[in-house]
Amino acid sequence: MIELREVEKSFQDVRAVHPLSLTITKGQIHGIVGTSGAGKSTLIRMMNLLEKPDKGSVRVGDKILTSLSEQALRKARQSIGMVFQQFQLVLNRTVAENVAMPLELVGLPKKERKKRVSECLQFVGLLDKERAYPSQLSGGQKQRVAIARALANNPSVLLCDEPTSSLDPKTTIEVLQVLLHIQKTLDVTIVIVTHEMDVVKSICDHVSIMKDGKLIDSFPIQPQGIQVNEDHYIEDLRKIAVVHT
Ligand SMILES: Nc1ncnc2c1ncn2[C@@H]1O[C@H](COP(=O)(O)OP(=O)(O)OP(=O)(O)O)[C@@H](O)[C@H]1O
């Protein structure tokens with residue numbers, strides 16, 4: 001469970017997030033939507049204190065992150081995975097070496113590390129790519145590696161900042177399937193910032209809407225199943241086709 005209480009954040013004279021409170025219950029796939037500059041990224045980055053709120057508190061599970069020392073915060077962050085629009089993979093490391101990084105940081109012995117890396121890659125369907133380098137992968141595969149890396153330490157929360165925004169419809173589906181699989185099998189709470197309504201409609205069971213740094217609404221929705229496909233875009237284009245005579 002994630003609980004934000006009266007959090008707010010400004011950058012110099014820009015109020016990115018006005019004071020807001022939001023509770024995300026365990027096991028949800030919670031979408032955060034809104035126009036560009038609405039404060040979505042700032043909000044999700046406050047959930048693991050990548051951005052420290054100017055005021056207010058952030059609780060994840062039984063830990064109040066905003067009250068922890070730097071050292072305790074580093075430890076608490078192990079149970080919060082994060083993925084980004086641009087994947088943030090280390091290019092001169094193989095897929096397996098990328099997934100191993102958070103396990104190295106917590107000092108897991110090599111043999112156990114190798115086993116855990118294989119489990120995570122198996123989970124995202126990329127065990128056969130363990131020796132590949134990021135440059136040899138498609139965008140969807142890169143994001144699945146980033147997800148495997150985020151899952152390595154068995155997090156209870158996965159924060160996704162525009163996870164499919166650099167991907168085409170086909171590779172978006174790959175990533176959404178993995179996120180849904182995580183929710184169904186790992187009991188992980190997932191938060192997704194996105195501007196893609198198809199993504200929200202497909203897998204989210206709750207949506208929060210931001211505008212001008214404010215949370216203007218938040219309500220449960222019925223996910224419709226993964227339905228991002230190119231035909232849908234092509235149909236939309238056909239509807240506005242200009243007929244030449
Ligand atoms: N590090 C920063 N320094 C200065 N201003 C920032 C910083 N991060 C965000 N902002 C500003 O805060 C506001 C909210 O930005 P934020 O990135 O949270 O919005 P967003 O809804 O995620 O937008 P987008 O969809 O375009 O990514 C914007 O006006 C932005 O310019």
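Residues numbered from 1 in each chain as written. Predicted model: local features only at pLDDT ≥ 70, side-chain atom pairs only at ≥ 80, totals over all residues. Heavy atoms only, no water.

In the annotation of an unreviewed UniProt entry, the protein chain is listed under the name Methionine ABC transporter ATP-binding protein and assigned to Sporosarcina soli.

Undergrad: How should the pattern of salt bridges be read in this particular structure?
TA: Side-chain pairing between opposite charges can occur once the charged atoms of the two side chains come close. The final tally for this structure, using the stated rule, is twelve salt bridges. Between Glu 70 and Lys 52 there is a salt bridge; the shortest N-O distance is 3.3 Å. Here Lys 52 lies in the loop between helix 1 (40–46) and strand 4 (55–60) and Glu 70 lies in helix 2 (residues 70–76), a separation of 18 residues in the sequence. A relative accessible area of 39% means that Lys 52 is categorised as partly exposed. Between Arg 116 and Glu 119 there is a salt bridge whose closest N-O contact spans 2.8 Å. Highlighted residues: Arg 116 and Glu 119, both in helix 4 (residues 110–123), separated by three residues, approximately one helical turn. Classification of Arg 116 as buried rests on a relative accessible area of 17%. With relative accessibility at 36%, the residue Glu 119 sits in the partly exposed group. Connected via shared salt-bridge partners are Glu 3, Arg 5 and Arg 59. (Salt bridge = Lys/Arg side-chain N within 4 Å of Asp/Glu carboxyl O. Helix = DSSP H or I, 4+ residues; strand = E, 2+ residues; numbered from the N terminus. Buried < 20%, exposed > 50% of the residue type's maximum accessible area, 1.4 Å probe, protein only.)

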